[in-house]
Amino acid sequence: MNTLGRLTRSALFARSQRTSVFPDEEVEMALNSLSLVPIVEAVEGWRKDDFGVGGRPPVLNYRALLAVMLLLRTEHAPQLVTEMSNVFYRRLSAQGLEMLGLASIRPAKDPDKEPTQWYDRTWRCFHSLLELMDPYPAPRETMNRDEWAYVVSQWDPKVQELKRARLDWFCNALLEMSFLELPEKARDAWKGDVSIDQTKVAAVSKRGRPSWKRKNGQGIEIEPDAVIMERMADWYNSAPEFRHKDDARSRDFEWAYALNLAVGVPHDAIGRKTGPVPHPVFAIGMKLSTPIRDAVAPDTVDMLASIVERGHPAGRCTGDKDYWAKQKPKRFALPIRALGYTPVTDYRKESNTASDASGLQGQIGGAPIADGGLFCPMTRDGLLRATPLFRRGEIDKETYRARVDERRNWMLHRARKPDETGAWEMRCPAIGKSATLECPLRELHREATDKERDEVVRPPAAHERDAVCTKSSIKIPFDESIRYLQDIPYKSRLWRATHGADRSDIERFNGVVKDGAKEALSNPKLRQTRGFAAASVFAAMALVSANRRYTLAWARKEARRKKKSDVTRRSKSFTPASLADYKPKRLMLTPTGEVRTPDREDLIAS
């Protein structure tokens, strides 16, 4: 008697109800993708370094595991060990198992135990992978503060540093793999321009530290004890003004990790609005960190350094107000400029606090810094303070933009390329062939173009002149003054197009990678393995999937555009041969009963 009804024994004991078999072509594609970067070789080398060469070889290899994780990403399935093991159990053909090197594995003596055996193999393989690069190993159980302190005391700082480097390399190698999947034309079109941002990756365990706050001027209260599992996570708030504050009372806070992300963006922000986009937007760098405790600046620098170390060019780097103007130059602006990136950023609104970055921002060699640009000392105050005047409502948008365009003539020019130390020099706008000002203190270049220029009517008195008025150029120092500088004139048409497009690209990408029906990075229920390393690996896999979706969408648009351009258009001009060409054509009934369309002779005859 059949007690299973419509259920099969395979379905009864399987840990997942997904039964569709992955085509051998998809398995081959996953393996080909992994061969683009030496990621499998690196992981196997780490295992030898940590555990030696001897011992029984694992039944399931890392190459097969990573290939299955990529296969699950193609169908946007949950990244669960149950789903991975189910693929090995019944979603691969005999040819697919052979390609993964698993054809020699003997089936279980009891068929009902086959799913459990595959689950155990997959669990051991996946967690041994995480063990090789987990900088914060801890028991998968809830712990109070004292228990956690004991776990932390067992960590070796050198081993932590090594495994953190491995984790970052592994995740960025996956992104590099998806970049190499782009067509060569798209890869060559990318100029190294990136847009950076930070987004949250919710922890699997929702329970975090209880709320507590700082006492102004009286030290810090003792943090209440709590039983927590994922202690390397912390409270994360999407609002920048609360993101780095240690106060979990807001309903907007979530126990999560912070994902620092860099996406590659098209270089021509204006031309992309009307012409074809040379390449899709894609994630090219990432680094997971802990909110509040880990600083944005060093993590972002490490992420961008990874991109450059992989041989990619360094272009512009667009960030929000939480980056260039807020972070200390020695920790952010100077290291990133040393990598070769140039900033595109916005500034915070004018206020009475020390973080105000609107309007005047200091001076270098007598040249005032306003909105990230260096200006002639005699620039009108209304031009220098155009931004705070507009934000306070004292001038309208039309006047503001007119002043932004007008003050470009008063901006200092680049004197020459950066020297061997990376320093660059700026010169007075009244010097050189491309002079935009006329000043009594400077003789106009004999080859200067014949055009109207603004004039400096009253130059500084002799005792008031600084280096910008007395020297041919001034060198930009590597100090606090570099914090606000950016190459594209702030709020100009090019700046608005570039900053707007780059910020929209990364915000849209964040939305795509969190799409609940696809990558679902914001849903921890679809990636139940806890811990810092697991969150980082799953985030990288989600970014790879989003990259592929962007690439497919871009390739479809390119194919449609090419097909449309190949179509030969008919000429709009029409010259009739006779009046009969204007006569309406109608269906004709032949003597035999057939219906046909009349030809030219029929029309003339009628």
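Residues numbered from 1 in each chain as written. Predicted model: local features only at pLDDT ≥ 70, side-chain atom pairs only at ≥ 80, totals over all residues. Heavy atoms only, no water.

Engineer: Summarise the sheet that holds strand β8 (residues 367–370); cite the residues concerned and give the values.
Structural biologist: Strands belonging to one sheet form pairs held by backbone hydrogen bonds; the direction of such a pair is parallel or antiparallel. Read from one edge of the open sheet, 3 strands run β7-β8-β9, paired in antiparallel fashion. The strands lining the two open edges of the sheet, one partner per strand, are β7 (360–364) and β9 (373–374). (Pairing = 2+ DSSP bridges. Helix = DSSP H or I, 4+ residues; strand = E, 2+ residues; numbered from the N terminus.)

Engineer: An account of unusual backbone geometry is requested, with residue identities and associated values reported.
Structural biologist: Even without glycine at this site, H76 takes up a positive phi of about 55 degrees. Here H76 shows up in the loop between α4 (62–74) and α5 (81–90). With a phi close to 50 degrees, D371 is a non-glycine residue in the positive phi region. Mapping D371 onto the fold places it in the loop between β8 and β9. For D371, a relative accessible area of 2% puts it in the buried group. (Buried < 20%, exposed > 50% of the residue type's maximum accessible area, 1.4 Å probe, protein only.)

Engineer: Kindly report on the nonpolar core, identifying the contributing residues and their values.
Structural biologist: Generally speaking, a soluble globular protein has its nonpolar side chains buried in company with each other. Core analysis: the largest hydrophobic core is formed by 91 residues, its most contacted members being L100 and F170. Look past the residues within four positions of F170 in its chain and what remains in contact with it is I39, V43, W46, L66, L129, M133 and V537. Residues W190, V301, C317 and I474 belong to the second largest nonpolar core, which totals 38 residues. (Core = buried A, V, L, I, M, F, W, Y, C linked by side-chain atoms within 4.5 Å. Contact = heavy atoms within 4.5 Å.)

Engineer: Can you tell me about the confidence of the model for the chain, naming the residues and giving the values?
Structural biologist: For the chain, per-residue confidence averages 86 on the pLDDT scale, and residues scoring 70 or more make up 84% of the total. Residue range residues 214–220 is modelled with pLDDT below 50. Its contacts to residues more than four positions away, or to other chains, number 4 contacts. Segment residues 351–356 is flagged for pLDDT under 50; beyond a separation of four residues in sequence, or across chains, it makes 6 contacts in the model. (pLDDT = per-residue confidence, 0-100.)

Engineer: Explain the pattern of salt bridges to me, and be specific about the residues and the numbers.
Structural biologist: A side chain with one charge can pair with a side chain of the opposite charge if their charged atoms come near. Summed over all chains, the structure comprises 31 salt bridges. The salt bridge involving R548 is made with E181; its shortest N-O contact spans 2.8 Å. Placement of R548 in helix α18 (residues 532–566) and of E181 in the loop between α9 (157–180) and α10 (184–189) is noted, with a sequence separation of 367 residues between them. R548 gets classed as partly exposed once you look at its relative accessible area, which sits at 21%. By relative accessible area, E181 is classed as partly exposed at 27%. For D193, the salt bridge goes to R316, with nearest N and O atoms at 3.5 Å. With D193 in the loop between α10 and β1 (194–202) and R316 in strand β5 (residues 316–319), this residue pair connects regions lying 123 residues apart in the sequence. Take R316: its relative accessible area is 7%, and that puts it in the buried class. (Salt bridge = Lys/Arg side-chain N within 4 Å of Asp/Glu carboxyl O.)

Engineer: Let's hear about the environment of Q154: which residues, and what values?
Structural biologist: For Q154, the location among the structural elements is in the loop between α8 (145–153) and α9. Within polar-contact distance, the side chain of Q154 engages the side chain of S153 at 3.3 Å. (Polar contact = N/O pair within 3.5 Å; in protein donor to acceptor, adjacent residues only side chain to side chain.)

Engineer: Residues and numbers for α9, please.
Structural biologist: Here α9 is 24 residues long and its end C-alpha atoms lie 34 Å apart, about the 34 Å a rise of 1.5 Å per residue gives. Two or three places before K158, at the start of α9, stands the capping residue D156, its side-chain oxygen 3.1 Å from that residue's backbone nitrogen. (Expected span 1.5 Å × (residues − 1).)

Engineer: I'd like to hear about the side chain of N260, residue by residue, with values.
Structural biologist: On the secondary structure map, N260 appears in strand β3 (residues 254–264). The class for N260 is buried, based on a relative accessible area of 0%. In this structure the side chain of N260 is engaged in a polar contact, spanning 3.0 Å, whose partner is the side chain of Q198. One polar contact links N260 to S289, side chain to side chain, over a distance of 3.2 Å. Residues in contact with N260, not counting those within four places in the same chain, are D197, Q198, G285, M286, K287, S289, V296, D299, T300 and M303.

Engineer: Can you tell me about the packing of aromatic side chains, naming the residues and giving the values?
Structural biologist: For the coordinates displayed, the defined rule picks out 18 aromatic pairs. Summarising the aromatic geometry, the rings of F88 and W118 are spaced 5.5 Å apart at their centres and angled 15 degrees between planes, so their arrangement reads as stacked. Highlighted residues: F88 in helix α5 and W118 in helix α7 (residues 114–132), separated in sequence by 30 residues. Pair check on accessibility: F88 and W118 agree, each one buried. Clustering of aromatic rings is evident, with ring pairs tying together Y136, W148, W155, Y257 and F532. We note R121 situated over the ring of W118; from NZ or CZ to the ring centre the distance is 4.7 Å. (Phe/Tyr/Trp six-rings, centres within 6.5 Å; stacked < 30°, edge-to-face > 60°. Lys NZ or Arg CZ within 6 Å of the ring centre and 35° of its normal.)

Engineer: Talk me through helix α3 (residues 39–51); I want residue IDs and the actual numbers.
Structural biologist: Taking 1.5 Å per residue, 13 residues should reach 18 Å; α3 reaches 18 Å between its end C-alpha atoms and fits that length. For α3, the full list of buried residues reads I39, V40, A42, V43 and W46. On an axial view of α3, the arc spanned by its buried residues comes to 165 degrees, and they lie on one face. Opposite the buried face of α3, by more than 90 degrees, sit the exposed residues E41, K48 and D49. Next to the buried residues of α3 lie α2 (24–34), α4, α7 and α9. Downstream of α3 by a residue or two, G52 has a phi angle that is positive, lying close to 85 degrees. (Arc of directions from axis to C-beta.)

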